[in-house]
Amino acid sequence: WSEDYDAPKAIDGSMQTRWNAAAGDVEGAYVDLEWSSQQTFNKVTIREAFDRIREYALQIFDKSKGDWVDIYRATVPTTGGDPVLSVVFSNPVTTNTLRVLVAQADNVASIWELEVSNVPVGTVKGTVVDVTSGKPVAGATVTVGPGGAIVVADSNGAFSTMVEPDEYLVSA
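On a predicted model such as this, the values are computed, not experimentally measured, just so you know.

K.L.:
Looking at this structure, how should I read the sheet that holds strand β11 (residues 169-171)?
P.N.:
Hydrogen bonds between backbone groups are what pair the strands of a sheet, and the pairing can be parallel or antiparallel. Read from one edge to the other, the open sheet built from 3 strands follows the order β9-β8-β11, with strand pairing classed as antiparallel. The open sheet is flanked by β9 (149-152) and β11, the only strands paired with a single partner. Strand-to-strand twist in this sheet, taken as the mean axis angle between neighbours without regard to direction, amounts to 20 degrees. Relative to β9, strand β8 (residues 141-145) runs antiparallel, the two being bridged by 4 bridges. By the bridge assignment for β9, V144 is matched with A149.

K.L.:
I keep staring at the packing of aromatic side chains and nothing clicks. Help me out?
P.N.:
Aromatic ring pairs are defined here through the distance separating the ring centres and the angle between the ring planes. Applying the stated criterion across every chain yields a total of 5 aromatic pairs. Where W35 meets F41, the ring centres are 6.1 Å apart and the plane angle is 45 degrees; that geometry is what we call tilted. For W35, a relative accessible area of 23% gives the class partly exposed. The interplanar angle of 50 degrees and the centroid separation of 6.4 Å between the aromatic rings of F50 and W112 together place this pair among those described as tilted. Of this pair, F50 sits in the loop between β2 (29-48) and β3 (53-62) while W112 sits in strand β6 (residues 110-117), placing them 62 residues apart in sequence. The class of F50 is partly exposed, set by a relative accessible area of 38%.

K.L.:
What exactly am I supposed to notice about the pattern of salt bridges here?
P.N.:
Side-chain pairs of opposite charge can arise where the charged atoms are in close proximity. Tallied over the entire structure, the rule returns 8 salt bridges. For D32, the salt bridge goes to R99, with nearest N and O atoms at 2.7 Å. With D32 in strand β2 and R99 in strand β5 (residues 84-105), this pair connects stretches of sequence that are 67 residues apart. For D32, a relative accessible area of 25% gives the class partly exposed. The exposure class assigned to R99 is buried, which follows from its relative accessible area of 11%. Here R47 and E115 are joined by a salt bridge, their closest N and O atoms 2.8 Å apart. Taken together, the residues span a long stretch of sequence, with R47 in strand β2 and E115 in strand β6 at a distance of 68 residues. Judged by relative accessible area, which is 27%, R47 ranks as partly exposed. When salt bridges that share partners are traced, they join D51, R54 and D106 into one network.

Conventions adopted
- Residues numbered from 1 in each chain as written.
- Predicted model: local features only at pLDDT ≥ 70, side-chain atom pairs only at ≥ 80, totals over all residues.
- Heavy atoms only, no water.
- Pairing = 2+ DSSP bridges.
- Helix = DSSP H or I, 4+ residues; strand = E, 2+ residues; numbered from the N terminus.
- Axes fitted to C-alpha atoms, helices over the stretch in contact; angles between N-to-C directions.
- Phe/Tyr/Trp six-rings, centres within 6.5 Å; stacked < 30°, edge-to-face > 60°.
- Buried < 20%, exposed > 50% of the residue type's maximum accessible area, 1.4 Å probe, protein only.
- Salt bridge = Lys/Arg side-chain N within 4 Å of Asp/Glu carboxyl O.

As structure tokens, then:
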């Protein structure tokens with residue numbers, strides 16, 4: 001975008017600065033983290049600005065393939081404000097590169113901060129059912145907060161997501 005919104009702003013620890021994709025770039029924009037040595041983490045947090053990202057992938061570089069590979073992909077519903085997109089992996093990821101690929105955005109993607117960390121993990125799982133009929137709701141969007149984990153129920157209404165141990169409000 002410009003020096004005011006360049007990539008280092010996504011990892012500077014400040015919620016006063018941010019990274020922006022290039023003007024008009026709403027498909028395929030990305031920001032990379034690179035470390036001089038392998039890092040191991042099980043949580044990635046994207047502190048998004050303006051709720052513009054609709055689909056994204058977390059990728060690592062696979063040297064044997066000479067290409068980036070998805071380790072996580074998500075569709076993001078419109079929520080308003082500045083959403084926090086968090087992913088907790090059941091198996092830690094070890095890499096020296098991490099890419100956030102914005103596959104689709106409503107407008108130029110913008111990220112306040114991109115964070116990786118190691119956290120204890122737990123699982124929230126359940127089944128979404130229609131309150132009237134009691135039948136499972138296939139494809140329901142489930143939000144687990146705080147933290148903003150968003151998952152989609154399967155064809156049987158079942159969902160599962162990894163989270164840090166805490167108290168959560170689950171809504172569908």
